[in-house]
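Chain residues, written in single-letter form:
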There are 2 protein chains.
Amino acid sequence: MIADPQSAFRALADPTRRQILMMLRRQDMTIAQVAGNFDMTRAAVKKHLTVLTDGGLVTVRTRGRERLNSIDPQGMAPVRDWLGVFDAFWDDRLAALKSAIEEDSP
Amino acid sequence: MIADPQSAFRALADPTRRQILMMLRRQDMTIAQVAGNFDMTRAAVKKHLTVLTDGGLVTVRTRGRERLNSIDPQGMAPVRDWLGVFDAFWDDRLAALKSAIEEDSP
DNA sequence: CTGTTTTGATACCATTCGGTATCGCAATTG
DNA sequence: CAATTGCGATACCGAATGGTATCAAAACAG
């Protein structure tokens, strides 16, 4: 049984959130730091970060009055697992294509 | 340069659409066939299929008055490519975690 | 040709979503 | 203590989204 990927897929569907993930890849950041890189209010960024944490892609740890956001390395596992189902599909398709070609040219 | 994954991520964000992809994995289907597996109107399913084709995940071919929907094997490439950027990140993180643990318990 | 079937297109509705404005709270700093 | 700083929470707004109902068009059957 694999985890429900819905919240993760939902989190990845917004370009701003994917951009935030790209930023967090380099270093952990506070909300204010993240917001400094966007033309939107801190509250809006906070909402995006909430969606990302709900999706399991980001974790938060408190340090004094700061809240550091970091990527959760395990977060994309449900997404990868779901997409992995299609690997077999690709293989099947290609195999079918291959045998079709082989039967065409005996 | 990799393709913009926005439309594909958008398409994958809805559970109904992911379910449709799972169904199309087994066989190509008309809109009516797909709609037969859901408790919603054909028009609603048609909208989902439009989002899926916009995302490059599904292609349509006309056969008589039927419109057969099939999965596009190349459609998920932009998504995979985008996610791939985080592979190196995972490795780095896990390596850092591993060495941190090893340094903690000698 | 007439009627049925499969589909596309549109108008419309309720909900969700991305965003701002604003308030209040906790932690540092003077 | 008071002032500042960083953050969370909420109410509110416009736009997008998921869904229905409905109509028109194309392809096949009789």
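About the thresholds
- Residues numbered from 1 in each chain as written.
- Chains lettered and ligands numbered in written order.
- Predicted model: local features only at pLDDT ≥ 70, side-chain atom pairs only at ≥ 80, totals over all residues.
- Heavy atoms only, no water.
- Near = heavy atom within 4 Å.
- Polar contact = N/O pair within 3.5 Å; in protein donor to acceptor, adjacent residues only side chain to side chain.
- Helix = DSSP H or I, 4+ residues; strand = E, 2+ residues; numbered from the N terminus.
- Nonpolar A, V, L, I, M, F, W, Y, C, P; charged D, E, K, R; others polar.
- Contact = heavy atoms within 4.5 Å.
- Pairing = 2+ DSSP bridges.

1. A few points about the protein's contact with DNA strand C
DNA strand C sits among 20 residues. The nearest are A:T41, A:K47, A:H48, B:T30 and B:I31. Close to the protein, within 4 Å, the atoms of DNA strand C are drawn from sugar and phosphate at a rate of 57%. Between A:T41 and DNA strand C, the recorded distance is 2.8 Å, taken from a backbone N or O atom to a phosphate oxygen. The contact in question runs from a phosphate oxygen of DNA strand C to an N or O atom on the backbone of B:A32, over 3.2 Å. Breaking the surface near DNA strand C down by element, the ones donating at least two residues are α4 (42-54) of chain A together with α3 (31-36) and α4 (42-54) of chain B. The class makeup of the residues in the surface near DNA strand C is 6 nonpolar, 4 polar and 10 charged.

2. Section: the side chain of B:T16
Note on placement: B:T16 falls in helix α2 (residues 15-26). Once you skip the residues sitting within four places of it in the chain, B:T16 turns out to touch B:F38, B:M40 and B:H48.

3. With respect to the pairing of strand β2 (residues 66-71) of chain B
Side-chain direction in a regular strand flips from residue to residue, so the side chains alternate between the two faces of the sheet. Residue and element names in this part refer to chain B. Pairing of strand β1 (residues 58-63) with β2, which is carried by 6 bridges, proceeds in the antiparallel orientation. Directly across from T59, in β2, lies its bridge partner S70. Here β1 folds back onto β2, and the loop between the two strands holds 2 residues, one of which, G64, carries a positive phi near 65°.

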